[in-house]
Amino acid sequence: MKLFDSFFIGYLLILFFVKISRFYGVDIGIINSYLTDLIAVPTMSHLGSYLISRIKYNNQIYTYPLSYLLITATVLSILMEFIMPKKSPNYVGDYIDCICYFLGILIYQYWHKPYILKRAKQLIEY
């Protein structure tokens, strides 16, 4: 399993683009508000799967089951949209962000995870 597969590189490029646009004060509208939330769960899930594959499973492929993704999105929603806004003025609770976290599950479950498994199967066949 590769850490820097095309999906993960895409996530990082999106994060970089949004951070740069915020730094320079460029308003990119809805992309600035929700795109990072949409890719949060897939990004964290891929990184976590990679680390687990390397550390626990001796470089064998590991991907998170759907139940873990649901837990991740739920915890992220509670932490970032309910708890943190009460603790710091830098955070703003937004229910649409919660929706984006759960939509991010679809990205990982139906596009990224099958891509990882397909690449692993291709490597085994060689």
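These figures come from a predicted structure and were not determined experimentally.

1. Describing the overall build of the chain
Alright, step 1. Of regular secondary structure, the chain possesses four helices and zero strands.
Alright, step 2. Order of helices (α) and strands (β) in the chain, N terminus to C terminus: α-α-α-α.
Alright, step 3. Principal-axis analysis of the C-alpha atoms gives the chain an extent of 50 × 30 × 25 Å.
Alright, step 4. Out of the 126 residues in the chain, the part that is buried amounts to 35%.
Alright, step 5. Contacts in the chain between residues at least 24 apart in sequence constitute 68% of all its contacts with a sequence separation of at least 6.
Alright, step 6. For the chain, the exposed area adds up to about 8300 Å²; of that, 68% sits on carbon and sulfur atoms.
Alright, step 7. Of the side chains in the chain, 11 bear a positive and 7 a negative charge, and the two mean positions are spaced by 11 Å.

2. Re the packing of aromatic side chains
Alright, step 1. Tallied over the full model, the rule gives seven aromatic pairs.
Alright, step 2. Note on Phe-7 and Tyr-11: the rings are 6.5 Å apart at their centroids and 55° apart in plane angle, and the pair reads as tilted. Within this pair, Phe-7 and its partner Tyr-11 are both found in helix α1 (residues 6–23), separated by four residues, close to a single helical turn.
Alright, step 3. Relative accessible area serves as the criterion here: at 24%, Phe-7 is assigned to the partly exposed category.
Alright, step 4. The class of Tyr-11 is buried, set by a relative accessible area of 4%.
Alright, step 5. Counting every residue linked through ring pairs, the aromatic cluster contains Tyr-57, Tyr-62, Tyr-64 and Tyr-68.

3. With respect to the nonpolar core
Alright, step 1. Of all hydrophobic cores here, the largest spans eleven residues; its members are Ala-40, Val-41, Tyr-62, Tyr-64, Leu-69, Ala-73, Leu-76, Tyr-101, Ile-105, Tyr-108 and Ile-116.
Alright, step 2. No other element matches helix α4 (residues 95–125), which puts four residues into this core.
Alright, step 3. Once residues lying within four places of it in the same chain are set aside, the contact partners of Ala-73 are Val-41, Tyr-101, Phe-102 and Ile-105.
Alright, step 4. Among the nonpolar cores identified, the runner-up in size contains six residues, and Phe-8, Tyr-11, Tyr-50 and Ile-107 belong to it.

4. Quick notes on the environment of Gly-25
Alright, step 1. Tracing the backbone shows Gly-25 in the loop between α1 and α2 (30–55).
Alright, step 2. A relative accessible area of 60% places Gly-25 in the exposed class.
Alright, step 3. Sequence separation between Gly-25 and Asp-97 is 72 residues, and the spatial gap between their C-alpha atoms is 21 Å.

5. Structural notes on the layout of surface pockets
Alright, step 1. Each pocket or cavity is described by its volume, and for the largest pocket that value is around 260 Å³.
Alright, step 2. In terms of lining, the largest pocket is formed by 13 residues, of which the most central are Asp-37, Glu-81, Tyr-91, Val-92 and Asp-97.
Alright, step 3. For the lining of the largest pocket, the secondary structure elements donating two or more residues are α2, α3 (66–87) and α4.
Alright, step 4. Broken down by element, the residue count for the lining of the largest pocket peaks at four residues, all from α2.
Alright, step 5. Of the residues contributing to the lining of the largest pocket, the split by class is five nonpolar, three polar and five charged.

6. Quick word on unusual backbone geometry
A negative phi holds for most residues other than glycine; trans holds for most peptide bonds.
Alright, step 1. Phi is positive for Asn-58, which is not a glycine, with a value near 50°.
Alright, step 2. Mapped onto the elements, Asn-58 comes out in the loop between α2 and α3.
Alright, step 3. Residues other than glycine seldom take positive phi values, yet Asn-59 does so here, at roughly 70°.

About the criteria used
Residues numbered from 1 in each chain as written. Predicted model: local features only at pLDDT ≥ 70, side-chain atom pairs only at ≥ 80, totals over all residues. Heavy atoms only, no water. Helix = DSSP H or I, 4+ residues; strand = E, 2+ residues; numbered from the N terminus. Buried < 20%, exposed > 50% of the residue type's maximum accessible area, 1.4 Å probe, protein only. Contact = heavy atoms within 4.5 Å. Areas by Shrake-Rupley, 256 points an atom, 1.4 Å probe, with all protein chains shown as cover. Lys, Arg positive; Asp, Glu negative; His and termini not counted. Charge placed at Lys NZ, Arg CZ, Asp CG, Glu CD. Phe/Tyr/Trp six-rings, centres within 6.5 Å; stacked < 30°, edge-to-face > 60°. Core = buried A, V, L, I, M, F, W, Y, C linked by side-chain atoms within 4.5 Å. 1 Å grid on protein atoms, 1.4 Å probe; cavity = no way out; pocket = protein on both sides within 12 Å on 5 of 7 lines; lining within 4 Å. Points joined across faces, edges and corners; volume = space filled by probe spheres on them. Nonpolar A, V, L, I, M, F, W, Y, C, P; charged D, E, K, R; others polar.

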